[in-house]
Amino acid sequence: MASKMKYTLLLLIAFSLVLFTITLVFFIVTSGQVPFDYGLTIDAGSSHSEVILFTWSEKSNGTSYVKQKDSCYKKNGIDDAGDNITETLNGLYPCVQSMVDKISPDSSGPFPLFLGATAGMRILNITAPSTADLIFKAIEKNFSMSNFNGRRLEVHPPRILTGEEEGRFAWISANYLLTYIPPEKRQLMDEVPECGTIGILDMGGASAQIAYQAMDQSQEYVEEEMLFGRKYNVRAFSNLCFGSDQGHERYLFSLLLGSPNQATITDPCAKGGPSVRRHGRSFVENPCLATKGSQQSVDEKTEYVFQGATNYDPKACREQVEKIFNLDECKRIFGDERCFKTDRSVKEGIIFYALSSYFYTTKVLPSFNSSDHVKSEEQLMKEIDEWCQLPWDDKKSKWEESHANSLCFKQHFMVNTLKNIYHFNSTDWNRIHFSQKIGGQSLGWSLGFMLRETNQIPLQDPKSPTVNLTWLILVTFFTGLVLLGSAVYYIRKRRSVNF
């Protein structure tokens, strides 16, 4: 009988201690947890749209530690369908839905959705501002009223980012992902810039940006950014119409102006491959090609055919591309508004990350198979010429067929942008890193934009613990009674044995 009682007490003590431990652990671990917040951005570029889902649950000095959870990429910009709003919405909706589906079931929303449009919409806003406004209003209204499997979005008014904003936000993204911002998160790296941050070079289809930390706030194009309680003076400027796609259109237009009264024109940067066809009207209606005077060399009704050269001539190709970067000639034909701004003030020693078109145009070159930079300008030009000389069948097997024949031009265009607009010299190439992702997260303006927005978004209230305080007190009281009762039992038993 005594042994049975002893065994029962031991089981009761063990049970109460296990129950107390589990209850206490659940109370401590889940008490005051801040739930994850979620937000979405739509990067509405000139040649693509990307819906990105971000998440965060921790702040430091006002800014949240944001992480990209997933993304959905869609070819074509929101302006490509013009005023066919249904086509634009039908293209975006599945991407938005797929991202909302990735949000934790514990989060109910509504979740903020931001749409930022870049150079494609900047150009549309010049030529057809009413169409741009119609697209924005339709997207805002449709997504605000939509129910995404029981979830709703808090849709912020879509807007066109300035080129300078696009550059600054991309600068924030790159420095955050590389842990230069905030400096407390900085990891041991091989390269640490003198100023503590890196610069970015970003080239899309219709514009190109540069951004880096400025030591002198009085410089032109400098704006202050507040992140994690620190102020950063960021210099950023943009050249509209000097992205890789619009650069190619300007190149074709330059070939046309140099071949008056000809409908079939040789393209020295394209070897073989299909011809490129453009109606004269497409040049006349392109706001990036608006000339100072009448475009007398362009017949709107003529279809111009640009044929690749039989053999690639490096000298002829380079000279033709360099004409685009002759600032005096550019101003003579297009005027100041359609030409580029140059930057001679880039601080020596700054490490730059080159994004988007810079990255994609170099992917096919051997130096970038195992590295994100090239040793020298001489090596880069050698590899570009080797690509340009390849037969058409080899080019289309290595690159998307619809863009393979313009890639040679875009490589030369990229090099000239770095040399003639930003004035990088032959010794600077080893400090330019061509990259599109860091740690699996996209380099671009969206992450930097969301980081900045979290300065204004309060964190959710901490969750109540899974085990409430009343239950913890009851379990503690029960465990105490068991232990006290067991102690009293054993003390009495020992006394009875002694007597």
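Preceding this paragraph is the structure being described.
Residues numbered from 1 in each chain as written. Predicted model: local features only at pLDDT ≥ 70, side-chain atom pairs only at ≥ 80, totals over all residues. Heavy atoms only, no water.

1. Let's talk about helix 4 (residues 129–145)
Right, so step 1: Between its terminal C-alpha atoms helix 4 stretches 25 Å, which fits the 24 Å expected from 17 residues at 1.5 Å a residue.
Right, so step 2: For helix 4, every residue scored as buried is listed here: T131, A132, I135, F136, A138, I139 and F143. The buried side chains of helix 4 occupy one side of the element, clustering within an arc of 165° when seen end-on. Set apart from the buried face of helix 4 by more than 90 degrees, the exposed residues are S130, K137, K141 and M145.
Right, so step 3: If you follow the buried residues of helix 4, they end up packed against strand 1 (37–44), helix 2 (85–100), strand 6 (111–117), helix 3 (119–127), strand 7 (153–155) and strand 8 (159–160). (Helix = DSSP H or I, 4+ residues; strand = E, 2+ residues; numbered from the N terminus. Expected span 1.5 Å × (residues − 1). Buried < 20%, exposed > 50% of the residue type's maximum accessible area, 1.4 Å probe, protein only. Arc of directions from axis to C-beta. Contact = heavy atoms within 4.5 Å.)

2. Considering the pairing of strand 9 (residues 199–203)
Right, so step 1: Counting buried positions along strand 9 yields five of five residues, so the element is predominantly enclosed.
Right, so step 2: Burial along strand 9 is two-sided: G199, L201 and M203 and I200 and D202, pointing in opposite directions, are all buried.
Right, so step 3: Both strand 9 and strand 16 (residues 352–356) contribute to a ladder of five bridges, which runs parallel. Residue pairing for strand 16: M203 is matched across the bridge by S356.
Right, so step 4: Both strand 9 and strand 10 (residues 207–213) contribute to a ladder of four bridges, which runs antiparallel. Paired with D202 across the strands is Q209, a residue of strand 10.
Right, so step 5: Counting the residues in the hairpin turn of strand 9 and strand 10 gives three residues. (Pairing = 2+ DSSP bridges.)

3. A short note on the sheet that holds strand 14 (residues 276–279)
Right, so step 1: Taken in spatial order, the three strands line up as 13-15-14 in an open sheet, and their pairing is mixed. Each edge of the sheet is formed by a strand with only one pairing partner; in this case those strands are strand 13 (264–271) and strand 14. When strand polarity is set aside, the average angle formed by the axes of neighbouring strands in this sheet is 30°.
Right, so step 2: With five bridges connecting them, strand 13 and strand 15 (residues 303–309) associate as parallel partners. Pairing of T264 across the sheet is with V305, part of strand 15.
Right, so step 3: Against the sheet, helix 6 (residues 244–257) makes contact with strand 13, strand 14 and strand 15, and its axis sits at roughly 135° relative to strand 13, the strand it touches most. (Axes fitted to C-alpha atoms, helices over the stretch in contact; angles between N-to-C directions.)

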